[in-house]
Amino acid sequence: FSIVPGVTRGSHYHHTKTEKFCVISGTVLIRFRNLDDDETYEVFIDSKSLQIVDTIPGWVHEISNIGDNEALVIVWANEIFNHDKPDAISEKV
């Protein structure tokens, strides 16, 4: 997917789904918050690092383009989206 500068995507958590993100162009900030204890952390990623960041169930996450250009992000999930039983619950980080 792509994100234009200044835009944030996500702001949700999953009960069962795990996702992996890799930035192939641009610079992003991924923010996380644990639903159990409100622990938070942030990860800055750019296309120079080719780093993979995992999300885990029970952690709210969002990804923001903090660069000057469009960011391109590859995402992988361990399960296929089920329209009858969605697993993305909106929540603020």
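Values in this document were obtained by computation on a predicted structure and should not be read as measured data.

A.B. asks: Go over the packing of aromatic side chains, please, and point to the residues and values.
C.D. replies: Summed over the entire model, instances satisfying the criterion amount to three aromatic pairs. Between Phe32 and Tyr41, the ring centres sit 4.6 Å apart and the planes meet at 20 degrees, which makes this aromatic pair stacked. The interplanar angle of 70 degrees and the centroid separation of 5.5 Å between the aromatic rings of Tyr41 and Trp59 together place this pair among those described as edge-to-face. Taken together, the positions of Tyr41 in strand β5 (residues 40-46) and Trp59 in strand β7 (residues 59-65) put the pair 18 residues apart, joining distant regions of the chain. You can call Tyr41 partly exposed: its relative accessible area is 35%. The buried category is assigned to Trp59, whose relative accessible area is 11%. A network of ring pairs unites the aromatic residues Phe32, Tyr41 and Trp59 as a single cluster. The residue whose ring lies beneath Arg9 is Phe1, and the NZ or CZ to ring-centre distance is 4.3 Å.

A.B. asks: Provide a residue-level description of the sheet that holds strand β4 (residues 27-34), including the pertinent values.
C.D. replies: The antiparallel open sheet is built from five strands, whose spatial order is β5-β4-β7-β2-β9. Each having just a single partner strand, β5 and β9 (89-90) make up the two edges of the open sheet. In the sheet, strand β2 (residues 8-13) pairs with β7 via four bridges, with the strands oriented antiparallel. Each bridged residue has a counterpart across the sheet, and for Thr8 the counterpart in β7 is Ser64.

Conventions used here
- Residues numbered from 1 in each chain as written.
- Predicted model: local features only at pLDDT ≥ 70, side-chain atom pairs only at ≥ 80, totals over all residues.
- Heavy atoms only, no water.
- Phe/Tyr/Trp six-rings, centres within 6.5 Å; stacked < 30°, edge-to-face > 60°.
- Helix = DSSP H or I, 4+ residues; strand = E, 2+ residues; numbered from the N terminus.
- Buried < 20%, exposed > 50% of the residue type's maximum accessible area, 1.4 Å probe, protein only.
- Lys NZ or Arg CZ within 6 Å of the ring centre and 35° of its normal.
- Pairing = 2+ DSSP bridges.

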